[in-house]
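Read off the chains here:
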Amino acid sequence: MQVLLISDPGLPSRRISTVKDDFEGLLREDFDASAQVDTCVETLRVQPDHQLELSTLDAIVADYPDADLVIMFTGIPRHTQRKPLIAEVLPSRHVAVVSAPTLGALSTRRRLLKIFMSCINQMLPVGQVAQKHRLPRWGEWTSSGTAGRRTLHAHTFTGGPRLVSGMTMANEPLRMASKLSRALAAASATGAFGIFYSSIWQMAHHLSTLRLISIGMIAIAVMVVWLISINRLWDRPVNERLSQVVFYYNLSTVLTLLICVAALYACLVIGILAGSLVIIDPEFMAEIIGRPHARFTNYLDIAWLSAAMGVVAGALGSSFDDGADVKNLTHVQRLRSRVYVAGTDTAT
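As the structure is a computational prediction, the values presented were derived from the model and not from experiment.

About the criteria used
- Along each chain, the written sequence defines residue order, and numbers are assigned to residues from 1.
- This being a predicted model, a pLDDT of at least 70 is required before a residue's local features are given, and a value of 80 or more before pairs of side-chain atoms are given or counted; all residues contribute to the totals for chains, interfaces and linings.
- Heavy atoms throughout the structure, all of them, feed into the side-chain values; hydrogens and water do not.
- The aromatic pairing rule takes the rings of Phe, Tyr and Trp, using the six-membered ring of Trp, and pairs them if the centres are within 6.5 Å, calling planes under 30 degrees apart stacked, those over 60 edge-to-face and the rest tilted.
- Only protein chains enter the accessibility calculation, which uses a 1.4 Å probe; a residue whose area is less than 20% of its type maximum is buried, one above 50% is exposed, and one in between is partly exposed.
- In this description a helix means any DSSP run of H or I spanning at least four residues, a strand means any run of E spanning at least two, and both kinds are numbered starting from the N terminus.
- In this analysis, two residues are considered to be in contact whenever any of their non-hydrogen atoms come within 4.5 Å of each other.
- Expected span of a helix: the number of residues minus one, times 1.5 Å.
- We define the bend at any residue as the angle between the axes fitted to the seven residues before and including it, ending there, and the seven starting there.

J.: What am I meant to see in the packing of aromatic side chains here?
T.: The relative placement of two aromatic rings is captured by the distance of their centres and the angle of their planes. If you walk through the whole model with that rule in mind, you get 6 aromatic pairs. Taking the centre distance of 5.8 Å and the plane angle of 50 degrees together, the rings of F193 and Y197 count as tilted. Taking the relative accessible area as the measure of exposure, F193 reaches 43% and is therefore partly exposed. Y197 sits in the partly exposed class, given a relative accessible area of 44%. A connected cluster of aromatic rings, assembled from ring pairs, spans F23, F73 and F116.

Shown next, in the form of structure tokens:
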């Protein structure tokens, strides 16, 4: 048995590389035969209506004539019948398509291997199905349409949150911070003022912990809203049928930016805290804030308030970052780059 695993660039390809050997071993164990798994990294195109463009998949498979079965592991979040679609099998083509985001943010190797083995069983004739079906307990395959097409949907209640978390993880929010270099520069420069201005020390000292936390949350929210508006990251459904799908896209965008900005905020707090511990003399601070002794929490309060000021300034600085870089970190923009136009070799 020769199986071809095609994965999208990025997170799907990295996950494939971690399970390839285990998958090959499971094939040998379940079917008691020799098995070989080949892998390749290709971007799967979609049609203007966001359906998979199978002709481009056929072109990829043509380069592997010895492949008996094909599994495409895509970063496209799929949604049919008002439920997230985990996998789809086309037995006539010996092709299965598995959606990485639908598996969730923390899907384990075991979970992924179960899906792959279940797809293999669905593509084989009944008499050749392995005794160990390895069907996930939470899923059930259903027939859909003609030509024996079969689908595996996520659970009704947990599928939506799992899809959104998977889309957020696929956006790689922590890597997004490097795309906001000008925002980080503006935030760092503004936050550094908190180290040298005693009025900020006094204000931080007199503010309650709850109010300081609220100020930080407001600063993060301001930057998230600014990034969404300035880069036009909020999408609207073109028709009612796509409203739930667009909701998932928008929610994953918001969560991605929240994680990104929160990480930026944490970096600012740590940096300003380190700087203040080096520069501000404890006795001098105690004199300014009117306390017998300066405590570590006083330094932390200053860093927290200064970081909040810096994040608000960073929102303005983000206006000078490359908007294309920010947009390409969201699922909607990456999906648009996959749209296949017949008769051309480029995406629109």
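J.: Sorry, what's going on with the side chain of S13 here?
T.: Assignment of secondary structure puts S13 in helix α1 (residues 11-31). Note on S13: relative accessible area 17%, which makes it buried. The contacts of S13, once residues within four sequence positions are left out, are S7, D8 and V41.

J.: Mind showing me how you'd approach the environment of A35 here?
T.: Position of A35 relative to the elements: it lies in the loop between α1 and β2 (36-41). Assessed through its relative accessible area of 8%, A35 is described here as buried. Separated by 11 residues in sequence, A35 and E24 have C-alpha atoms that sit 6.3 Å apart. Apart from the residues within four sequence positions on either side, A35 is in contact with M1, E24, L27 and R28.

J.: Sorry, what's going on with α1 here?
T.: For the α-helix, the turn length of 3.6 residues means that residues three or four positions removed from each other point alike. For α1, spanning 21 residues, the distance from its first C-alpha to its last is 29 Å, which sits close to the expected 30 Å at 1.5 Å a residue. The largest bend along α1 reaches roughly 50 degrees and is located at V19. Burial in α1 covers these residues: P12, S13, R15, I16, V19, F23, E24, L26, L27, D30 and F31. Looking at the buried side of α1, the elements it contacts are β1 (2-7), β2, β3 (69-74) and α3 (109-123). Just downstream of α1, D32 is the residue with a positive phi angle, here 50 degrees.

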